[in-house]
Amino acid sequence: PPAAMAAPPDPGATARTAPATAGPDLSVWPRPQSLRANGAPVAVPDAVALITGPDADPHAVAALRELLRQAGARRITDTPEPGALVVRARTEPVRPGDRHALPAGGYELSVGADGVSLTGTGEDGLFHAVQTLRQLLRPDSTIASAVVRDWPGTAVRGITEGFYGTAWTHRQRLAQLDFMGRTKQNRYLYAPGDDLYRQARWREPYPARQRAGFRELAERARLNHVTLGWAVAPGQAMCFASDDDVRALTRKLDAMWALGFRAFQLQFQDVSYSEWHCGADADRFGSGPEAAARAQARAANAVARHLAERHPEAARLSLMPTEYY
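Overview of the structure. What you see is a predicted model, and the numbers here were worked out from it, not measured in a lab.

Calculation notes
Residues numbered from 1 in each chain as written. Predicted model: local features only at pLDDT ≥ 70, side-chain atom pairs only at ≥ 80, totals over all residues. Heavy atoms only, no water. Pairing = 2+ DSSP bridges. Helix = DSSP H or I, 4+ residues; strand = E, 2+ residues; numbered from the N terminus. Axes fitted to C-alpha atoms, helices over the stretch in contact; angles between N-to-C directions. Expected span 1.5 Å × (residues − 1). Buried < 20%, exposed > 50% of the residue type's maximum accessible area, 1.4 Å probe, protein only. Arc of directions from axis to C-beta. Contact = heavy atoms within 4.5 Å. Salt bridge = Lys/Arg side-chain N within 4 Å of Asp/Glu carboxyl O. Polar contact = N/O pair within 3.5 Å; in protein donor to acceptor, adjacent residues only side chain to side chain.

Overview of the sheet that holds strand 14 (residues 318-320)
- Spatial strand order, 10-11-12-13-14: 5 strands in an open sheet with parallel pairing. With one partner strand each, in any of the chains shown, strand 10 (158-161) and strand 14 form the two edges of the open sheet. Recorded for the sheet is a direction-independent mean angle of 20 degrees between the axes of neighbouring strands.
- Strand direction decides the pairing type here: strand 12 (residues 227-232) and strand 13 (residues 263-267), joined by 4 bridges, are parallel. Bridge assignment links W230 to a residue of strand 13, and that residue is F264.

Structure representation (structure tokens):
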């Protein structure tokens, strides 16, 4: 939902390991599309041979190395040797039109007597496989044997920090991003209700301290395969008919892009149907709901064109209209 409320995340979450949940029933959350047992648990010896494909995501490989060390591996090499556990990790490209191929973000994971194999599809698949392997790690440092085939049930999975009142702290936001990575979520929309720099003062740059915090959030989001989004609600301080105001809005989006945001939302939930902020809007659009819709559409289309031309790799612009359910 555009303005979902959530309890603040646990600030200590970054310092703790996700709980081991691989019991006799192979509990993994979120529940994979397909999950079955594959024999006795696999012990992690001192030596592990980690063999990665050329396109394997580096963040996923780093998370995998950390997991193996946590499981007891003291020496991780890139070639098999006697007594070593062989772990293979690779990434396959998305194959549109192939009904047998996994969609983007999907993965196949196998843990058994022959070792561990992780194959991810697209940019996120291997990272998701590592998060499932993390839950298969048992308290005795063995890995529950299983065969998993999984893919996302929906393309965008995440949360909006959009409530009013006390916003999350920077530390809580970092913890939330780590939690989202562990649970295979991929979109975090920054939209605190009391942030004036995305509302009445949207034209102004954020103070230096907040800009530095956003850069750190963006880096943590990349590590967790989460797209960081920023929502702007300019309707209470904007002349929709003004080309200068539209350009000011796109300049602000460019500034947020430079800080690491890769998705944007325009919000018009509190815009009046009967009050304009400049005479040019009344002359150009008239009054009433249809007039407001035309004005908002003009701004949204201009922003969408700008993003497509200047930042083609950005996520598709989303819109929160005045009326929503």
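Okay, back to it.
A word on helix 7 (residues 289-310)
- The terminal C-alpha atoms of helix 7, which comprises 22 residues, lie 31 Å apart, in line with the 32 Å expected from a rise of 1.5 Å per residue.
- When helix 7 is considered as a whole, its buried residues turn out to be A291, A292, A295, Q296, A299, A300, A302, V303, H306 and L307. Along helix 7, the residues classed as buried sweep out an arc of 165 degrees about the axis, all on the same side. Opposite the buried face of helix 7, by more than 90 degrees, sit the exposed residues E290, A308 and E309.
- Here the buried face of helix 7 lies against helix 5 (243-258), strand 13 and helix 6 (279-285).

Details of the sheet that holds strand 4 (residues 75-77)
- Overall, mixed pairing links the 7 strands, which are arranged 1-9-6-7-5-3-4 in an open sheet. Where the open sheet ends on each side, the last strands, each with one partner, are strand 1 (34-37) and strand 4. Averaged over all adjacent pairs, the angle separating strand axes in this sheet is 10 degrees, with direction ignored.
- Packed onto the sheet, helix 1 (residues 58-70) meets strand 3 (47-52), strand 4, strand 5 (85-92) and strand 7 (115-121) and runs at close to 170 degrees relative to strand 3.
- Helix 2 (residues 125-136) contacts strand 5, strand 6 (107-112), strand 7 and strand 9 (146-150) of the sheet and is inclined by roughly 35 degrees relative to strand 6.

Section: the environment of P82
- Along the chain, the position of P82 falls in the loop between strand 4 and strand 5.
- C-alpha separation for the pair P82 and A49, spaced 33 residues apart in sequence, amounts to 10.0 Å.

Notes on the pattern of salt bridges
- As enumerated under the stated definition, the model contains 14 salt bridges in all.
- With a closest N to O distance of 2.8 Å, D245 and R203 form a salt bridge. Of this pair, D245 sits in helix 5 while R203 sits in the loop between strand 11 (187-190) and helix 4 (208-223), placing them 42 residues apart in sequence.
- Here D254 and R310 are joined by a salt bridge, their closest N and O atoms 3.1 Å apart. In this pair, D254 is assigned in helix 5 and R310 in helix 7, connecting sequence segments 56 residues apart.
- Through salt bridges that share partners, R90, E92, R95 and D98 make up one connected network.

Side note on the side chain of T132
- Following the sequence through the fold, T132 ends up in helix 2.
- Residue T132 is classed as buried on the basis of its relative accessible area of 0%.
- Here the side chain of T132 touches Y107 through a polar contact of 2.5 Å, side chain to side chain.
- Beyond its immediate sequence surroundings of up to four residues, T132 is in contact with V28, Y107, L109, V148 and K184.

Some points on the side chain of H306
- As for its placement among the helices and strands, H306 is situated in helix 7.
- Taking the relative accessible area as the measure of exposure, H306 reaches 14% and is therefore buried.

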